[in-house]
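Per-entry structural report
Each chain is listed here by its residues.
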Amino acid sequence: MPQFRKDPFGPAWVIISPERGLEPSDFGSVSRHDTTSPLAPGHEPHLGREIRIVRPVGASYGDSAWTMRVVESQSGLLEPDKPFAPSGPELFRQAASSGYQELIIEHPKPQAALETMPREHVIELIKLYRDRLAYVSSLPGIQHVQLTRNVGKVAGAAYNHPHAQILAVPVANRWIEEEASAADEYFKQHRCCLFCDVITAEIKARERIITQNEHFVALAPYASKTPFETWILPRQHSSGFTSIASNTVPYLADLLRSTLQAMNTALNDPPYNIILHTFPNEDNPRYHWHIEVLPRLTRQAGFDWSSGFYVNPTPPEDAARFLKETLALQEVTL
Ligand SMILES: [Zn+2]
Ligand SMILES: [Zn+2]
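Residues numbered from 1 in each chain as written. Chains lettered and ligands numbered in written order. Predicted model: local features only at pLDDT ≥ 70, side-chain atom pairs only at ≥ 80, totals over all residues. Heavy atoms only, no water.

Here's the deal with the coordination of the zinc ion (ligand 1)
For clarity, the cut-off: For Na, K and Ca the donor cutoff is 3.2 Å, while for all other metals N, O and S atoms count as donors only within 2.8 Å; water does not appear among the atoms, so some sites may look incomplete. Geometry is assigned from donor-metal-donor angles: four donors are tetrahedral when every angle falls between 85 and 135 degrees, four are square planar and six octahedral when opposite donors sit over 155 degrees apart with all other angles between 65 and 115, and any other arrangement is irregular. Each residue is placed in one exposure class: buried if its accessible area under a 1.4 Å probe, protein chains only, is under 20% of its type's maximum, exposed if it is over 50%, and partly exposed if it falls in between.
The protein atoms that coordinate the zinc ion (ligand 1) are Cys193 (SG), Cys196 (SG), His237 (ND1) and His288 (ND1), at distances spanning 2.0 to 2.3 Å. Coordination at the zinc ion (ligand 1) comes from four donor atoms whose angles at the metal span 105 to 115°, giving a geometry best classed as tetrahedral. Along the chain, the residues donating to the zinc ion (ligand 1) are arranged with the sequence spacing C-x2-C-x40-H-x50-H. Given a relative accessible area of 6%, cysteine 193 falls into the buried group.

This is the structure in structure tokens:
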């Protein structure tokens, strides 16, 4: 039977409707056979200004080889030098699109994938995410920072090459605001973090837990909006991703890799988005950073757009069980 479920992280309800059936995905699988890419070594002069380069162990300064590169984004969406100064009448406010955008090229090889990169590489990559986010969070006037990874054209990827985008803007993010406001309300009533309480309750209930280790947990949220929506959260309270301690990064790398490997095996390399929800460099007892992994398996129907609530044909309990079983069968590539 279909069921309404209240999303504890926002005002909306979700309909979990297994009867609707998961329509055959027409989004296909992500191809990883491309060996040419505008982000690959040799194309450096055509990309934005280099901000940071990580060289292979043992390489000397001036060596052209690299393992990861951070460059200025050439999207032209945001203007770093323009101040954010809204003006105009109350109903027609406007401002320059002030902000910062960086592109992280995560690996020299276009056909590499986050889930199959060596563990050590992913650990270094997460530290690079942290360092870049810490930097952009410290820029004047920044209200919101985000890191996104789009994999596959359907998921909005501009390149087939593994990459992440960092964005920092002087305005709030609607979805984080919504979660923060639900968490704020919960904090007022219970004097504790909504996310921490959900983690404790989910670990106790077990049925939506995909995998966990000492420092992180991967789960299918109770009111999952889309099939196989997966959240990865630190078990210890923390509102800012930039405060992640170096000794816990390997635990995050392990969970991220194993979750993505299970998703690829179970769902045949789907296009997906990874979205980091975090406060900028800030310690706040009312928000809890997390990573949302969203495979693109269905198209959002007009009903979902018009009603503002989502209809999800895959109960999160089924998604978690399926991924957990896949994990148990597969050996995680090290
Ligand atoms: Zn918390
Ligand atoms: Zn979130």
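Anyway, onward from the coordinates.
Section: helix α3 (residues 194–205)
Here is the rule: A run of DSSP states H or I qualifies as a helix once it reaches four residues; a run of E qualifies as a strand once it reaches two. Both are numbered from the N-terminal end. Take the number of residues in a helix, subtract one, and multiply by 1.5 Å to get its expected span. Contact criterion: two residues are considered in contact whenever any of their non-hydrogen atoms come within 4.5 Å of each other.
Under the 1.5 Å per step criterion, the end-to-end length of α3 is 16 Å for twelve residues, consistent within 8% with the ideal 16 Å. Restricting attention to buried positions, one finds in α3 the residues Leu194, Phe195, Cys196, Val198, Ile199 and Glu202. The secondary structure elements touched by the buried residues of α3 are α2 (174–190), β8 (209–212), β9 (216–219), β10 (230–234) and β12 (290–295). Phi for arginine 206, located one or two positions after α3, is positive at around 70°.

Looking at the coordination of the zinc ion (ligand 2)
Ideal geometry at a metal gives 109.5 degrees between four tetrahedral donors and either 90 or 180 degrees between six octahedral ones. Each protein donor to the zinc ion (ligand 2) is listed here as Glu179 (OE), Glu179 (OE), His277 (ND1), His290 (NE2) and Glu292 (OE); together their distances run 1.9 to 2.7 Å. Donor residues for the zinc ion (ligand 2) sit on one chain with the sequence pattern E-x97-H-x12-H-x1-E. Each member of the pair, histidine 290 together with glutamate 292, is buried.

So, the pattern of salt bridges
The condition that has to hold: A side-chain nitrogen of Lys or Arg and a carboxyl oxygen of Asp or Glu constitute a salt bridge if their distance falls within 4 Å.
Under the defined criterion, the tally for this structure stands at 16 salt bridges. A salt bridge links glutamate 50 to arginine 69; the shortest N-O distance between them is 2.8 Å. Highlighted residues: glutamate 50 in strand β3 (residues 50–54) and arginine 69 in strand β4 (residues 68–72), separated in sequence by 19 residues. When its relative accessible area of 36% is taken as the criterion, glutamate 50 is described as partly exposed. Overall, arginine 69 belongs to the buried group, its relative accessible area being 3%. With its nearest N and O atoms 3.4 Å apart, the salt bridge here joins aspartate 131 to arginine 130. On the basis of relative accessible area, arginine 130 is assigned to the buried category, the value being 14%. Via salt bridges that share partners, Arg5, Glu202, Glu207, Arg208 and Glu317 belong to a single interconnected network.

A few points about the packing of aromatic side chains
Threshold: Within 6.5 Å between ring centres, the rings of Phe, Tyr and Trp (the latter by its six-membered ring) count as paired, and their orientation is classed by plane angle as stacked under 30 degrees, edge-to-face over 60, tilted in between. Two limits define a charge over a ring: the Lys NZ or Arg CZ must be within 6 Å of the ring centre, and within 35 degrees of the ring normal.
Taken as a whole and judged by the stated rule, the model has eight aromatic pairs. Note on phenylalanine 241 and tryptophan 289: the rings are 5.0 Å apart at their centroids and 90° apart in plane angle, and the pair reads as edge-to-face. In this pair, phenylalanine 241 sits in the loop between β10 and α4 (249–267) while tryptophan 289 sits in the loop between β11 (272–277) and β12, placing the two residues 48 residues apart along the sequence. Summarising the aromatic geometry, the rings of phenylalanine 279 and tyrosine 287 are spaced 4.5 Å apart at their centres and angled 5° between planes, so their arrangement reads as stacked. Each member of the pair phenylalanine 279 and tyrosine 287 is classed as buried. Every member of this aromatic cluster is reached through a ring pair, and the members are Phe9, Phe195, Trp231, Phe279 and Tyr287. One cation-aromatic arrangement involves arginine 69 over tryptophan 66; the distance from NZ or CZ to the ring centre is 5.9 Å.

A word on the sheet that holds strand β5 (residues 100–105)
The condition that has to hold: DSSP bridges decide pairing: two strands pair if at least two such bridges lie between them. To get an axis, fit a line to the C-alpha atoms, keeping to the stretch in contact for a helix; angles then go from 0 to 180 degrees between the N-to-C directions.
With antiparallel pairing, ten strands are arranged side by side in an open sheet as β3-β4-β5-β7-β6-β11-β12-β10-β9-β8. With one partner strand each, in any of the chains shown, β3 and β8 form the two edges of the open sheet. Neighbour-to-neighbour, the strand axes of the sheet open up by a mean angle of 15°, direction not taken into account. Two elements, β5 and strand β7 (residues 163–169), share six bridges in a ladder whose sense is antiparallel.

Digging into the side chain of glutamine 146
Put simply, the test is: As used in this structure description, the phrase polar contact means that two N or O atoms lie within 3.5 Å; if the pair is within protein, one of them must be able to donate a hydrogen and the other to accept it, and residues adjacent in sequence are counted only when both atoms belong to side chains.
Among the structural elements, glutamine 146 can be located in strand β6 (residues 144–151). In this structure the side chain of glutamine 146 is engaged in a polar contact, spanning 3.0 Å, whose partner is the side chain of histidine 144. Once residues within four sequence positions are removed from consideration, glutamine 146 is found in contact with Leu133, Gln165, Ile166, Leu167 and Asn173.

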